[in-house]
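Take a look at the letters that make up each chain.
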Amino acid sequence: MTDLLDLAVTAGYVAVLISVGFALWRLAAGPSLPDRVVALDMMTVAIVAYCGLAAIDTADATFLDVGLVLALVGFLATVALARFAERQALRRGATPAATGQEGDR
């Protein structure tokens, strides 16, 4: 690799590490479930970015497959956690009849 590409990949690794650290802090600190869901999603995106950087750094396309699978699983986990948070809020606040929803979807 060229010197500029080495520098860019190294800077990318540092940026990903910092973003994972901030997301981990938000995941632990909260204060609410939606904050934690967004932090977990941010960590997933940062790890997918790490897989892309590793693919560039090692010239191995296998990391791209890992990143793709991780992105799909992360998306499904985010949707499931968002649905869980929505149902939890409905149980605390209003009944489904009061919000215009009928039964489970």
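Scroll up to find the structure.
Residues numbered from 1 in each chain as written. Predicted model: local features only at pLDDT ≥ 70, side-chain atom pairs only at ≥ 80, totals over all residues. Heavy atoms only, no water.

Peer 1: Could you clarify how one ought to interpret helix α2 (residues 33–58) in this entry?
Peer 2: Three or four residues apart is the spacing at which side chains of an α-helix point the same way, because the helix has 3.6 residues per turn. Look at α2: 37 Å from first C-alpha to last across 26 residues, which is about the 38 Å you get at 1.5 Å a residue. All of the buried residues in α2 are V37, A39, M43, T44, A46, C51, L53, A54 and A55. For α2, the elements touching its buried residues are α1 (3–29) and α3 (62–92). A59 sits one or two residues past α2 and shows a positive phi near 60°. (Helix = DSSP H or I, 4+ residues; strand = E, 2+ residues; numbered from the N terminus. Expected span 1.5 Å × (residues − 1). Buried < 20%, exposed > 50% of the residue type's maximum accessible area, 1.4 Å probe, protein only. Contact = heavy atoms within 4.5 Å.)

Peer 1: I tried to follow the packing of aromatic side chains on my own but got confused; where do I start?
Peer 2: For any pair of aromatic rings, the description rests on two quantities: the centre-to-centre distance and the angle between the ring planes. Scanning all chains against the criterion turns up one aromatic pair. Centre to centre, the rings of Y13 and Y50 are 5.3 Å apart; their planes meet at 45°, and the pair counts as tilted. Of the two residues, Y13 sits in helix α1 while Y50 sits in helix α2, which places them 37 residues apart along the sequence. By relative accessible area, which is 41% here, Y50 ends up partly exposed. (Phe/Tyr/Trp six-rings, centres within 6.5 Å; stacked < 30°, edge-to-face > 60°.)

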